[in-house]
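Survey of secondary and tertiary structure
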Amino acid sequence: MRKRKITAVLIAVLSVFVLASCAGKGSGGLTEEQQLLFEKICSADEALELSKKTGAVVFETRGCTSGKNTWEEFCNNTSKKKPASVLCAYYYELDREHVSEELYEEEKDMYPQLFFSLIEYDGNEYKISTRMSTEEKPETVETYQYMIRQTGKAPSESSLFDSYEYYLLVDDPSVTWDDISRALFSSQMVEIPRFSTVYQDYTGWKGN
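The present account deals with the structure reproduced in this document. (Residues numbered from 1 in each chain as written. Predicted model: local features only at pLDDT ≥ 70, side-chain atom pairs only at ≥ 80, totals over all residues. Heavy atoms only, no water.)

Description of the sheet that holds strand β9 (residues 195–203)
Our working rule: Here, a strand pair is defined by DSSP locating no fewer than two bridges between the strands. Every helix listed is a DSSP run of H or I at least four residues long, and every strand listed is a run of E at least two residues long, numbered separately from the N terminus. Angles shown run from 0 to 180 degrees and are taken between the N-to-C directions of axes, each axis being a line fitted to C-alpha atoms and, for helices, limited to the stretch in contact. In what follows, residue pairs with any heavy atoms lying within 4.5 Å of each other are defined as contacts.
On the basis of which strands lie adjacent, the open sheet formed by three strands has the order β7-β8-β9 and antiparallel pairing. Two strands lie at the open edges of the sheet, namely β7 (146–153) and β9, each paired on one side alone. The average undirected angle you get between the axes of adjacent strands in this sheet is 20°. As paired strands, strand β8 (residues 163–170) and β9 are joined by eight bridges and run antiparallel to one another. From the neighbouring strand, Tyr167 faces β9, where its bridge partner is Tyr199. On top of the sheet, helix α6 (residues 177–184) reaches β7, β8 and β9; it is set at about 85° to β8, its chief contact.

What about the sheet that holds strand β5 (residues 126–132)?
Read across the open sheet, the six strands follow the order β2-β1-β3-β4-β5-β6; overall the sheet is mixed. The outermost strands of the open sheet, each flanked by one partner alone, are β2 (63–66) and β6 (140–144). Taking each pair of neighbouring strands and ignoring which way they run, the sheet shows an average axis angle of 25°. Two elements, strand β1 (residues 57–60) and strand β3 (residues 84–92), share three bridges in a ladder whose sense is parallel. In the sheet register, Phe59 faces β3, and the bridge partner there is Tyr90.

Topic: unusual backbone geometry
Here the bond from Tyr111 into Pro112 is cis, since omega is 5°, no more than 30 degrees from zero. As for its placement among the helices and strands, Pro112 is situated in the loop between α5 (101–107) and β4 (113–121). A positive phi angle, near 65°, is found at Lys81, a position not held by glycine. Position of Lys81 among the secondary structure elements: in the loop between α4 (68–79) and β3.

Here's the deal with helix α2 (residues 32–39)
Think of an α-helix as turning once every 3.6 residues; residues three or four places apart then point the same way. What counts, and what does not: Residue burial is assigned from relative accessible area. The probe radius is 1.4 Å, only protein chains are included, and a residue is buried under 20% of its type maximum, exposed over 50%, and partly exposed in between. Taking the helix axis as origin, the arc is that swept by the directions to the C-beta atoms.
All of the buried residues in α2 are Gln34, Gln35, Leu37 and Phe38. Taken around the axis of α2, the buried residues stretch over an arc of 160°, which confines them to a single face. On its buried face, α2 is in contact with α3 (44–54), β3, β4 and β5.

Describing the nonpolar core
What counts here: Residue types Ala, Val, Leu, Ile, Met, Phe, Trp, Tyr and Cys, when buried and joined through side-chain atoms within 4.5 Å, form a set referred to as a nonpolar core.
Judged by nonpolar contacts, the single largest core of 20 residues is most densely connected at Trp71, Phe74, Cys88, Ile119, Met147, Leu169 and Val198. With four residues, the top contributor of residues to this core is β3. Residues within four places of Cys88 in sequence aside, it is in contact with Val57, Phe59, Trp71, Phe115, Phe116, Ser117, Ile119 and Val198. Of all hydrophobic cores here, the second largest spans 15 residues; its members include Phe38, Ala56, Val58 and Tyr91.

Examining the environment of Phe116
Looking at the element boundaries, Phe116 is found in strand β4. For the pair formed by Phe116 and Ala56, sequence separation is 60 residues and the distance between their alpha carbons is 9.6 Å.

Topic: the packing of aromatic side chains
Here is the rule: Only the six-membered ring of Trp is used, alongside the rings of Phe and Tyr, when aromatic pairs are assigned; centres must lie within 6.5 Å, and planes under 30 degrees apart are stacked while those over 60 apart are edge-to-face, with the rest tilted. Two limits define a charge over a ring: the Lys NZ or Arg CZ must be within 6 Å of the ring centre, and within 35 degrees of the ring normal.
What the rule picks out here adds up to 14 aromatic pairs. On the numbers, 4.6 Å between centres and 20° between planes, the contact of Tyr164 with Tyr166 is stacked. Accessibility assignment for this pair places Tyr164 and Tyr166 in one class, buried. Consider the rings of Tyr202 and Trp205, whose centres lie 5.5 Å apart with planes at 45°: the pair is tilted. On the accessibility criterion, Tyr202 (16% relative accessible area) is buried. For Trp205, a relative accessible area of 25% translates into the label partly exposed. Following the ring pairs from residue to residue traces out a cluster consisting of Phe161, Tyr164, Tyr166, Trp177, Phe195, Tyr202 and Trp205. Directly above the ring of Phe38 sits Arg131, whose terminal nitrogen or CZ lies 5.9 Å from the centroid. When the ring centre of Tyr144 is taken as origin, the NZ or CZ atom of Arg194, which lies over that ring, is 4.1 Å away.

All we've got here are geometric facts, nothing functional implied.
This is the structure:
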């Protein structure tokens, strides 16, 4: 009888230890620090610094600047239909050289901006929740059926890069980035395929 009680106590202690260990990983596969960051209200510059420190996938003007290993791990899990999640941070600055002086003066106080995207995959579909770092709640929550990888050369010699690599969330896996680009810039009324660009990186970057 005494042995049974001791065994029960040991099992209870072990269960508490296991639960505590799992809790430290954060919900949805994120680390605890990343989960807290996704909920934190802060300036764009503070959010950028914290994103890099916590291992989130960070995107700036020239593409992915931090967290490529984190992204690769996420893609590896989703390719095997394993539930996974990843926190991405998109940092935007107002480029004075590529906007009109009027627009720059009108919007300069609104930048820089940083948007968080929490991408969750349940083994069947993707959910993306996007929030500006200075706002309390996500601005959008959307679901998609597929994630596709697209690569290609720069569209023109005047482009700021030689080639690109994109990952898109889509409902139709046959859609290509060229299809989307043509629809976006068409002079006619063309239906734009539903999509969300979640990863972008460039080679041969020529900008600052």
